[in-house]
Amino acid sequence: MADELLSVEDLHVEFERGDSKVYAVNGASFSVGPGETLGIVGESGSGKSVSVLSVMGLLRGSGQVTGGTAMFMGKDLLKLRRRQLEDIRGRDIGMIFQDPMSSLNPTMRIGDQIMEGMLSHQYTSRKGAFNRTLQLLDEVGIPEGKARFRSYPHEFSGGMRQRVMIAMAVACEPQLLIADEPTTALDVTVQTQILVLLRQLQLKGRMGIILITHDFGVATNVCDRIIVMYAGKVMESAPLVDFLARPAHPYTVGLKGSVIEVGTKAHQLRAIPGMATALTEPPRACPFAERCQLAADRCLEELPPLRPLGLGHYVACHRAEEVLAAAGTTVGAQVGGPVGGQVGGQVGGQVAQGVTARA
Amino acid sequence: MGLVKFLSKRLVAIAITISAVLAVGYVLIYISPGTFYSSTNMGQGLSQLQVSDPTLYNQYINSLNSRYGLNHPLIVQVVDYVWHSLSFNFGTSFENPSVPIIHQLASALPISALLAGGAVTLAVVLGVPLGVLAALKRNTLVDSALTTVSMVGQAVPSYVLAVLLVLLFGVWFPGIFPVNGWGTIGEAVLPIVALAAGNVAIVTRYTRGSMVEALRQDYVRTAEAKGVARRRVVLRHALRNSLVALVTVVGPTFAFTVISTLWVEQIFSIPGMGSLLSQAFQDKDVPMSITSVYILSLLVMGMNLVVDMLYRFLDPRVKLE
Amino acid sequence: MAVVSATVGPGVRVPRRHAQWWLAWRRYKRNKLAVAGAACVAVYLVLGLIGPWVAPQNYAQANFLYANHPPSLRFPFGTDGLGHDMLSQVLWSMRNAIEITFGASLLSFAIGVTLGLWGGLRGGVADMVIMRLVDFMFAIPQFFLSLFLVVAMGRTVWPILLAIGIPGWAQYARLVRGLVLGMRNGEMVEAARAFGASRAHIARRYLLPNVSNSMLVQIAFGIPVDLTVMAGLSVVGLGLRPPLPSFGNMIAQAGANVLGYPWLMYFPAAIFAVILLSFLFVADGLQEALNPRAEDGGRRARRFGFGARGRLF
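Residues numbered from 1 in each chain as written. Chains lettered and ligands numbered in written order. Predicted model: local features only at pLDDT ≥ 70, side-chain atom pairs only at ≥ 80, totals over all residues.

## Section: the overall build of chain A
For chain A, the helix and strand inventory stands at 13 helices and 14 strands. Per-residue burial over chain A gives 49% buried out of 359 residues. (Helix = DSSP H or I, 4+ residues; strand = E, 2+ residues; numbered from the N terminus. Buried ≥ 20, exposed ≤ 12 C-beta atoms within 10 Å, placed from the backbone.)

The following block contains the structure:
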């Protein structure tokens, strides 16, 4: 799509572990446009972080991209040299990471850390960078920027540190911001502040945002579009409205059933049985089949393609239509294990009508 | 200011530790077999005197006893001795009574300090870049070669290496470096190399380890995500932080280097603290042996104090206390 | 990996108690240098044990007719200025080195573990005093204390053993105390206590196995250090009094005569270096095998101040 900022197609990433290989990302595709917020949701190990890190050339250890494209401003990020990528990182694409404790350099003043990106990209002069840093500190809600400029990260609280991270990420006014679990390590009240801050910054610059999270509530709160990843594959991709109203993948339904909200009783929750395991060979059948209560013979034999289900709604499930049809009847019970009864109607502050199938 | 308080606290601790060293040394020598004055030359002279003129001998022993305080109880002797040493009042040695100990130290200490300082400097100048190189080339041939060589360097003691160097430049390739004595710059080369090898190995190994660890840290990824150039990521972010861990290693290295200096000086016949100390202990020269240990311990503790301050300077999370 | 159901081969189930040793051995075997080191150490121990019987001559037997003889069939390692057969000197030296270094390491270990356990479990004043003593021992080179002890006790085997062993206790004490404190408050022990396990049971089942691994590694690193110190005493003229043979004496002697009689250095120094290196490889392999998480040494280095190598004199 021409109007997309970043468009990732058929991404494959493998890790080497001893003699064997781990297939972390197996043909993931997603895209994000200017001013849009894309949420990538999945359990840990689902390949959501790995796919974004590999696009940015930030994979660690033995991780290797083995296929796919990632078009950004007419260039394939996966084919760029290190130097060219360095130019794009921080200037055109900013990044925020999960743990603000460990993501800031403990031996560097926070002001210097914010300035560093701007100076690396010759975004502005030293003086300009200093002034912009003060302005950024103000924008992200850190008062007394002048005094705070000379502080070290350990003198800040977790929420403040994450604000510093955000200031760093948006210093060069990037067109795209990637936030990898930006609120996971924070207190719930601080989480909301950070999300609101991200939203404000986005509105200012028509910045595209990719928000990676395992927290369903967070994703439904701020995203325009959500993709659900499992075993390195996109299971479902839908605009927020469809996602809330017409989830078509059993895994999505299951994920929603396991969201804990205020007032939810334990018997109302449905855990997805089993746990995600690392793939030591490329998936040949539906990777979710062994945990799926709707799994049929076909699911165990044939890899479901990601296929359109509605306008902008894609799903990778052989039995998506049945899931949809069953919505509002008994799917929840079938998918989520024990019959639960009412699931709390509120998901992440949005009214979730018929989100989870009701018994 | 915190620095003054920190320094005064540390200086008091050093004074207490050094007093304990002096006291332990004194008592151990005091209870050792033979008389207090049984050092090599002095002991011989005294026993001859005892045979030829017992009266004079007794007078002389009495004067010695009052001079060295041996007519007092042991505890008083110890306190006296510690006090004199702390005020740098060392007196003269048994074996070389014509030259005050302080003069002998003045000529020997700079030599040893030069050797040790040279070795530590060389270790940092060579070891840090090699360690960084090994970390960046992790699990390659370069890395395993460096790691193995540094393991060998760590295992082989300086005196073995010193003898090997003498063999190398004395027998196989004579004439390049002098292998014996002291006085010219060239004569410092081989001793410093022998001393530095082990340190280079240690610093390389620990730099590698802490760099590997640092390169894995999230803040390094943050710097990369900001688009900071690779070189700066390695130097400003990874190395800067691994220096903090490295400094804790350099401290113990000083003690190791000072001891190695004693050994290497023996092999190369260098008139530094090593020859003073080993001669004094062999001769059972009480004042000289205790004083040389005292001075070298001060040196070690002084360097450790400097390292501690450096550590607190390098890591803003640590407050001077 | 969970140790609980460690199977070593198809069908071979190892009793749980020994499972961790099996796993450790398997990890150890993968490290070729460590295996080679262990072989060398084994040869060294055997030679040290039987050395005095297979040596061509007694260490003290001098033969002035053959002084400073280069290596030959009759004297494979040559002879020194007094006509001592260097091969015999090396074999006897191994015996002395083994006795002194193993003895000294065990002595340091015994003192250190006793004081460390006492301080760690007891706490209070005892702990404070012990830790002050440990600080003291770490503040100055332990070699100096060895020198004073040698002067006080003499220069035969036992005094040298004591002079090296006594000052070495502090690192063991610190390590044991740290492990005990860490584990006394650790989750594992807390869980065991919650299940109603007795104090003795906790000590036996949780503290000791964990402590013993670290201790084994520490001793393995300690022995070559003690060997270095032992020879170092000779280099400054305060080791075993000649004619008692020791590597240090041979090396010091070689240092003085290497220009004229280089073979005095070849064999003793090379063998000495190989022994030290072998011990280091073994210790390194043990560390990797017993504490597999501390791969790069980085984490341990920070935790214990100076890595598992701990003391450097």
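## With respect to the interface of chain B and chain C
In this complex, chain B contributes 51 residues to the contact, which on the side of chain C involves 41 residues. Taken together, the elements giving at least two residues each to the side of chain B that touches chain C come down to α1 (2-30), α6 (141-155), α7 (158-172), α8 (186-215), α10 (230-268), α11 (273-283) and α12 (286-314) of chain B. Top contributing element to the side of chain B that touches chain C by residue count: α10(B), with 12 residues. Looking at side-chain class alone, the side of chain B that touches chain C contains 36 nonpolar, 13 polar and two charged residues. (Contact = placed C-beta atoms within 7 Å. Nonpolar A, V, L, I, M, F, W, Y, C, P; charged D, E, K, R; others polar.)

## Structural notes on helix α7 (residues 169-184) of chain C
Here α7(C) spans 22 Å end to end across 16 residues, near enough to the 22 Å set by a 1.5 Å rise per residue. Every buried residue of α7(C) is listed here: Trp169(C), Ala170(C), Gln171(C), Tyr172(C), Ala173(C), Arg174(C), Leu175(C), Val176(C), Arg177(C), Leu179(C) and Val180(C). (Expected span 1.5 Å × (residues − 1).)

## Examining the arrangement of the chains
For this structure, the chain pair with the highest number of contacts among two pairs of chains in contact is chains B and C. Structurally, chain A and chain C remain out of contact, their C-alpha atoms never closer than 13 Å.

## Points about the sheet that holds strand β5 (residues 75-76) of chain A
All names here are of chain A. Pairing within the open sheet is antiparallel, and its four strands lie in the order β2-β1-β4-β5. Of all strands in the sheet, those bounded by a partner on one side alone are β2 (20-32) and β5. Direction of pairing for strand β4 (residues 64-72) relative to β5: antiparallel, over a ladder of two bridges. Opposite Phe-72, over in β5, you have Lys-75 as the bridge partner. Its contacts with the sheet place helix α1 (residues 48-55) against β1 (6-17), β2 and β4, and it is angled at close to 105° to β1. (Pairing = 2+ DSSP bridges. Axes fitted to C-alpha atoms, helices over the stretch in contact; angles between N-to-C directions.)

## Some thoughts on the interface of chain B and chain A
Note: interface size is frequently given as the accessible area lost on complex formation between the parts. Across the boundary between the two partners, chain B contributes 21 residues, which contact 24 residues of chain A. Sorting the residues of the side of chain B that touches chain A by element identifies α9 (218-225) and α10 of chain B as the ones contributing at least two each. When residues of the side of chain B that touches chain A are assigned to their parent elements, the largest contribution, seven residues, is made by α9(B). Taken together, the residues that form the side of chain B that touches chain A break down as eight nonpolar, five polar and eight charged.

## Some thoughts on the domain arrangement of chain A
All names here are of chain A. By the assigned domains, chain A splits into domain 1 (1-92 + 175-194 + 206-264 + 281-359) and domain 2 (99-173). Domain 1 puts nine residues into the contact, and the matching count from domain 2 is 13 residues. Among the elements that make up the side of domain 1 that touches domain 2, the one with the highest residue count is helix α7 (residues 188-205) (three residues). Tallied by class, the residues present in the side of domain 1 that touches domain 2 amount to six nonpolar, two polar and one charged. (Domains from an automatic or database assignment.)

## Overview of the confidence of the model for chain C
Residue and element names in this part refer to chain C. In this model, chain C carries an average pLDDT of 80, and 85% of its residues clear a pLDDT of 70 or more. Considering each helix and strand of chain C separately, the mean pLDDT is smallest for helix α12 (residues 298-303), with a value of 35, and largest for helix α6 (residues 157-165), with 94. Contacts from residues 1-14, a stretch scored under 50 in pLDDT, to residues over four places away or in other chains number 14 contacts. We note a pTM of 0.82 for the whole complex and an ipTM of 0.90 for its interfaces. (pLDDT = per-residue confidence, 0-100.)

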